[in-house]
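# Structural overview
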Amino acid sequence: MRRAGTKVLHLLLLPALLIGLYAYSSANSDSYYMPTPDLIAAAFVELWFSERFFVDVLPSLARLAVGFTLSAVLGVGLGVVLGLSTRVRALFEPVLEFLRAIPPPVLVPLMILLVGIDDSMKVLVIVSGCVWPILLNTVEGVRAVDPVLADTARCYGINGTTRLRVLVLRSASPQIMAGLRLALALAIILMVISEMFASSSGLGFAVVQFQRSFAIPEMWAGMVLLGMIGFALSVLFEFAEGRVLGWYRGLRAANRGE
Amino acid sequence: MTETTTQGTARERPEAPAGAGGRPRGAARTGPNKPLLGAVGIVAFLGMWEAVPHLGLVSERFLPPASTVLAALAQRATTPGLWIAVGDTLIGWGLGLAIAFVAAVLLGFAMGALPRVRAFTNSTVDFLRPIPSVALIPLAILLYGTDLRSTLLLVVYACFWLIYIQVLYGVADVDPVAEQTARSYGLGRLARIRYVVWPTTLPYLMTGVRLAAAVALILAITAQLIIGSPGIGQEIAVAQSSGAVSSVYALIVATGALGVLINIGVRVLERRVLRWHTSVRGEATA
Amino acid sequence: GSQEADSDSGGLTTVTAGVIPIVDVAPVYLGVEQGFFEERGIDLRLESSSGGAAIVPGVISGEFDLGFSNIVSLIVARGQGLPLTTLTNGVTTTGEQGADMGGVFVQDDSSIQDAGDLEGLTVASNNLKNIGDTTVRQSVRVAGGDPSSVKFVELPFPDMPAALDSGQVDAVWAVEPFASIIRQAGHREIASNFVDTHPELSVAAYFASEQRQAEDPELFADVTAALEESMAYAQDNPDEVRRTISTYTEIDQGVIDELVLPRFPSEINRESVRTLADLMVTDGLVDSEPDLDALYGAKE
Amino acid sequence: MLKVTGLQKIYNGGANAVEAVRDLTFDLGEGKLVCLVGPSGCGKTTLLKCIAGLMPPTSGTVELAGQSVTAPPPGMAVVFQEYGRSLFAWMSVRANVELPLKEKKIPRGRRRELVDESLEAVGLTSFAHAYPWQLSGGMQQRVAIARAIAYEPQVLLMDEPFAAVDAQTRADLEDLIRQIWQRMGVTVLFVTHDIDEAVYLGERVLVLSSSPTVVQDDITVDLPTERDQLTTRQDERFTELRARVYAEIQQAKKSAGAAPTAAPSVAH
Amino acid sequence: MLKVTGLQKIYNGGANAVEAVRDLTFDLGEGKLVCLVGPSGCGKTTLLKCIAGLMPPTSGTVELAGQSVTAPPPGMAVVFQEYGRSLFAWMSVRANVELPLKEKKIPRGRRRELVDESLEAVGLTSFAHAYPWQLSGGMQQRVAIARAIAYEPQVLLMDEPFAAVDAQTRADLEDLIRQIWQRMGVTVLFVTHDIDEAVYLGERVLVLSSSPTVVQDDITVDLPTERDQLTTRQDERFTELRARVYAEIQQAKKSAGAAPTAAPSVAH
Ligand SMILES: Nc1ncnc2c1ncn2[C@@H]1O[C@H](COP(=O)(O)OP(=O)(O)OP(=O)(O)O)[C@@H](O)[C@H]1O
Ligand SMILES: Nc1ncnc2c1ncn2[C@@H]1O[C@H](COP(=O)(O)OP(=O)(O)OP(=O)(O)O)[C@@H](O)[C@H]1O
Ligand SMILES: O=[N+]([O-])[O-]
Ligand SMILES: [Mg+2]
Ligand SMILES: [Mg+2]
């Protein structure tokens, strides 16, 4: 009971303070771009407790899911290959760094040329941005595999996919999880960016549309929803991470005598 | 895959296979070839790019071949305009990255050291992180107009989270035995941060910096693109709205080249500060 | 932001204008060149921005003293209560079918013959719920089609030539210089949507915030006069316009020579805007009848 | 000096609890050198960590110089069983040894002296600038020892500190520890699994039972204070004591073997 | 079976090179049990890694069953000195032992048997489901040993495998190794720093010099094949051999001490 209370406090205290602060400053400012929280809340209810949720939000979430999953597969896959071989890494790193530095918005025309303007383009935009944290973290995690453990695996003939599964991926997993966690938030951001092009619906499209038509409370309501989605996904992620990194957390806690 | 798995441990890589004369060959083979391999990669990439429009896979009007774009870039590089734009972009990039770095590191270490406080911030952090920088543009303009500070706001907002999250994971990675050693020898909290937590976090931080360096560049340029403050982004915007396709790609190439240079810088730094780390020491001779 | 218009050393008052680096704003570049602003003690600084999303908040915050935007965006902004009013007209359609500064284009071998054939098809517009889709719907309506069945997708103008070329959309609504680029690529124009809406349609305008204007009415009178003089000059000197364009854009000279220039009357054609506003109501861009008088301000 | 009372430690690894230490009570006068032996897994490391204030006991108390220990007390040095992981990979050997001295605000000149002396004592002078991971196992362990002795602690806790070094080096290091102990009056708690070593080094040998652990026996080593690798080990009394400790440990293990259900289950 | 010829190993840590092993030549017949002793840091681990095919020697060759070793040969098991780091932290004890058997495609039933037997042999049956980091140092080391013996190797390389266990357990494990060796005819190379252990276990003891290392001596242990912790260790020949090995090691260390410049410099 007490524990649940603390949890709720952890969850809500700071947001409540921040909302209070915002309410205070927006009430004392006549800035058009800072509507009071009640206006935002009203817009939120009106917008998202309607069929818009199904028209705009769900398809966006679907693209988000596909984009994130693809990024994870691609990032981890490529990251393992690059992490394991100095030479492959030397070969590809400059090109990858080149691509990484290019803003997704300016790549969109090229993507339209290559894959068209439908959902696959949007997924590609998401992937093009959020694969990087996963890729980089995987590379670094793989590079840092404990040499004693790697030697052990080699001696016992643990090769190929087993080696990948039981040695490389597992020991890199703390760092891979860091990458995935970053990518999750980026995926939401990129979902919005992707819907700035060749769209006619979607949550990102809606937010940009509100912004352009100066429907400011609605725009903030969209951002709040983005934040909530981010929060919900991160709770899910936390859960998944707890399972994947259970050993790691135990290991770190063990020596503290817990 | 099988090739790399049978011979790819971090420790083993630097060692040379025995030559007939017993002279180590490894250093000679992997060492100087690294930049060369990178150059090969770039050349292959440019070759593919050159081929795609020539083969008619994509119309030359929309994706000019690499040679055309590089020529356009070379031509631009003779004018001061490009260099001024690069300079403007790098200022926004560097300042934004530096601010994000300092803020994220300070806060990350503070939160790592104060898990109780951190528990109160998690929900807010998770809520704020997915809010896209680009959606903050009107707010930025309203607050700071079109000057550098708007760009900085966007750059800092996006980069801060990247570094912050990396630092949190890094701080959590401290080896308990090392931590206990430090505590038992009476190292205070600050000393432990400096001598134990900081080095453990460094690899994570370096990855964070590499990520953030590119994101900072991306956002500096996106901000210029949308807000119109001077820099490469604005040049891209002008070229785009003029339908000057080669110019757009030339500027993109300039951006990518900046990214490559920045990464080289970070890698050099990494080899210095992480020479003790498994990921680097395994390749020390390479 | 420059809340107070700064005075520079030459005794000129610095005024900042947020503009988009496109053909439409050539008159102000010309006006600066010709000294129309300086004559009135104004040092006009032109800051290029990507579009209304940046210019409107810039004007609201006082970062820009004035800005350039299309009429529909201004009507929407005013409808949302943003205290903006127009200064002068920006650009007006040529009024000539098939020879306007913007139009609807299809692939040359497409079976689409006129706007009526767009029923059920996909058309790209740079922004949705804005001037493009509203006027294209009107073209469809005029050609006897059902505008509600046309599907619009958002695509930036620079991406339209490629999207049309590769058949990813059935038609695009594009303006100069992309209209010329698309024409030069051999595509076909099927409608002049501005003309279909109104032969004298005011497409864009210069605007400022009410507050700034109230603070410094004389300055804005001078700005407006200089803008008007610039527009008149541009209207009379199309070659000058083409020459200026090459100074602030990177449009290919071959395209510049072919561009269809808009007209630059300094007066907003209120009847055409009324028509547009009615279409906005019909198409659901705004909930209620826009108060256009508020948009024009209390000047007249 | 050091007083352990009713110490119990239960590890709470998830749902299942492991009672590593059941009930330990003993004390240790100032300047004493006590060796701790016991079967593998009986809780020696656990006990040491509780004494060092690195781990809170489940129940019972640890007092050092009359003060209850809740955090690592000042003036204490620990040599960890996991010597490899207790060295900072990012620092040279020298920096590893020097770091605690810096924290102790020892002036640079003296620090230098202490580091040089202790590295010399463990035979690693020429490796001062190497990184720990460039050293062999035994060398790493000696770095950890050098760090502890350079620190000039009042209390020295050592967890199988010579496990990785060769016989000759081990003998040298044993003598080094006794010599430091005698010269500086430091209180030493020394965990070892080598019975000869325990008897040779200690004034007392504490024998722990199998887990869940209690003190099985507390044997006073009544050998002369001046000890010597050759003569002491040939001493008859040495052999007797050695045999007694050996028997106790076998006893400790047997009782565990007889009651295999007493072995903690860490299943999950 | 195993033939090491002119083996040299230079570590190339940055600009400065360390010649860990200078010139080693020896061979080892099939089914032999040879112990390797030598001063701390003399290159025993380095040698083992070269033999295991984990590290290419700088010059010289290693041949196993007539084949030049360039990668870990099949049928070989290694117990690493850094036992803690050689266990997979994300797997239970049981899974750690079972993993190589899975890779060897041993059927499930047999695998189960092997794992159970080997855990039983090292006394860890009740910890099968624990994670390695829930174990004490000695227990972790025993997991590594269990993994090696469950693997049923033809060649077994062990690097100070009993360093972290108590005397009694150590004696038991020594007997276990001899028993497995006799029963299965496995070729064993056993690194230890315990001279008694080397003599008790081996058929031959190889003594290495200080670094840069050569073979200092090669001593045949002419004790009866049936050995026993009590009687063998009381055997006079045992004491003689023991003394000889001890003298050799001291010799090895002394020659290094006499020429301190021979100590490799890892400075940078
Ligand atoms: N983090 C942990 N979680 C659960 N159980 C643990 C943990 N650490 C130790 N144990 C258990 O506590 C018991 C005592 O462990 P400890 O490391 O103190 O033994 P030890 O006497 O030092 O053994 P050794 O001589 O092998 O080092 C063991 O049974 C071990 O399994
Ligand atoms: N990665 C490395 N880089 C540089 N030098 C190394 C490295 N590994 C080992 N050495 C050096 O090689 C020499 C031999 O090391 P090795 O680990 O083989 O010794 P060892 O005989 O196993 O010693 P111990 O009994 O202490 O385990 C040592 O001087 C050590 O400093
Ligand atoms: O925050 N970003 O818009 O990338
Ligand atoms: Mg222990
Ligand atoms: Mg070794």
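In case you missed it, the structure is sitting above this.
This report concerns the structure included in the present document. The shown structure was predicted, so the numbers you read here are calculated from the model rather than taken from an experiment.

## Thoughts on the nonpolar core
- Counting 398 residues, the largest nonpolar core has Leu66, Leu118 and Ile245 of chain C as the members making the most contacts within it.
- If one sorts the elements of this core by residue count, helix α10 (residues 189-227) of chain B sits on top with 22 residues.

## Quick look at a nonpolar patch on the surface
Residues and elements named next belong to chain B.
- Judged by side-chain polarity, Ile91, Leu95, Ile99 and Leu148 come together as a nonpolar surface patch covering roughly 320 Å² of accessible area.
- Ranked by the residues each element gives to the nonpolar patch, the list is headed by helix α5 (residues 80-113), at 3 residues.
- Checked against the element boundaries, isoleucine 91 lands in helix α5.

## A short note on the pattern of salt bridges
- Tallied over the entire structure, the rule returns 72 salt bridges over all chains.
- Linking arginine 170 of chain D and aspartate 194 of chain D is a salt bridge whose minimum nitrogen-to-oxygen distance equals 4.0 Å. With arginine 170 of chain D in helix α6 (residues 167-184) and aspartate 194 of chain D in the loop between β8 (187-191) and α7 (195-201), the pair connects residues that are 24 residues apart, well separated along the chain.
- As a salt-bridge pair, aspartate 196 of chain D and arginine 242 of chain D come within 2.6 Å of each other at their nearest N and O atoms. Of this pair, aspartate 196 of chain D sits in helix α7 while arginine 242 of chain D sits in helix α9 (residues 236-258), and the two are 46 residues apart along the sequence.
- When salt bridges that share partners are traced, they join Glu93, Glu97, Arg100, Glu140 and Arg143 of chain A together with Arg210, Arg267 and Glu270 of chain B into one network.

## Structural notes on the packing of aromatic side chains
- Following the criterion strictly, the structure yields 24 aromatic pairs over all chains and no others.
- Pairing phenylalanine 160 of chain B with tyrosine 164 of chain B gives two aromatic rings, centres 5.3 Å apart and planes at 15°, and the pair type is stacked. Note that phenylalanine 160 of chain B and tyrosine 164 of chain B are positioned in helix α8 (residues 148-171) at a spacing of 4 residues, about one turn of the helix. Comparing phenylalanine 160 of chain B with tyrosine 164 of chain B, the two get one shared label, buried.
- Ring centres of phenylalanine 88 of chain D and tryptophan 90 of chain D lie 5.5 Å apart, and the angle between their planes is 25°; this geometry places the pair in the stacked category. For the pair formed by phenylalanine 88 of chain D and tryptophan 90 of chain D, the shared burial category is buried.
- Counting every residue linked through ring pairs, the aromatic cluster contains Phe98 of chain A together with Phe45, Trp49 and Tyr249 of chain B.

## Considering the arrangement of the chains
- Ranking the 8 pairs of chains in contact by number of contacts places chains A and B first.
- Considering only C-alpha positions, the minimal separation of the non-contacting chain C and chain E is 49 Å.

## Let's talk about the interface of chain A and chain B
- Contact residues are listed per partner, giving 78 residues for chain A and 81 residues for chain B.
- Carbon and sulfur atoms supply 68% of the area buried between chain A and chain B, which totals about 7200 Å² over both sides.
- There are 5 salt bridges connecting chain A and chain B.
- Measuring nitrogen to oxygen at the nearest pair gives 2.9 Å for the salt bridge that ties glutamate 97 of chain A to arginine 210 of chain B.
- Linking chain A to chain B there are 13 residue pairs in polar contact (both at pLDDT 80 or more).

Parameters and conventions
- Sequence order sets the numbering: in each chain, residues are counted from 1 along the sequence as written.
- Written order decides the labels, with chains lettered from A and ligands numbered from 1.
- Local features in this predicted model are restricted to residues of pLDDT 70 or higher, and side-chain atom pairs are both shown and tallied only at a pLDDT of 80 or more, whereas totals for entire chains, interfaces and linings draw on every residue.
- Values reported for side chains reflect all heavy atoms of the structure, with hydrogen atoms and water molecules removed beforehand.
- The term nonpolar core refers to a set of buried residues drawn from Ala, Val, Leu, Ile, Met, Phe, Trp, Tyr and Cys, joined through side-chain atoms within 4.5 Å.
- Under the scheme applied here, a residue whose accessible area is under 20% of the maximum for its type counts as buried, over 50% as exposed, and between as partly exposed, the area being computed with a 1.4 Å probe on protein chains only.
- A run of DSSP states H or I qualifies as a helix once it reaches four residues; a run of E qualifies as a strand once it reaches two. Both are numbered from the N-terminal end.
- Exposure above 30% relative accessible area and the absence of a salt bridge qualify a residue for a patch, where like charges join within 9 Å and nonpolar side chains (Val, Leu, Ile, Met, Phe, Trp, Tyr) within 5 Å.
- Each accessible area is a Shrake-Rupley result for a 1.4 Å probe, and residues are judged covered by the shown protein chains and nothing else.
- Put simply, a salt bridge is a Lys or Arg side-chain nitrogen that is within 4 Å of an Asp or Glu carboxyl oxygen.
- Pairing of aromatic rings covers Phe, Tyr and Trp, the last counted by its six-membered ring, and requires centre-to-centre distances within 6.5 Å; plane angles under 30 degrees mean stacked, over 60 mean edge-to-face, and any other angle means tilted.
- Whether two residues touch is decided by their heavy atoms; if any such pair falls within 4.5 Å, the residues are in contact.
- The quantity reported as buried area is the accessible area (1.4 Å probe) lost by two parts once they are put together, taken as the sum for both.
- Counted as a polar contact is a pair of N or O atoms within 3.5 Å, where, for protein atoms, one must be capable of donating a hydrogen and the other of accepting one, and residues adjacent in sequence contribute only when both atoms are in side chains.

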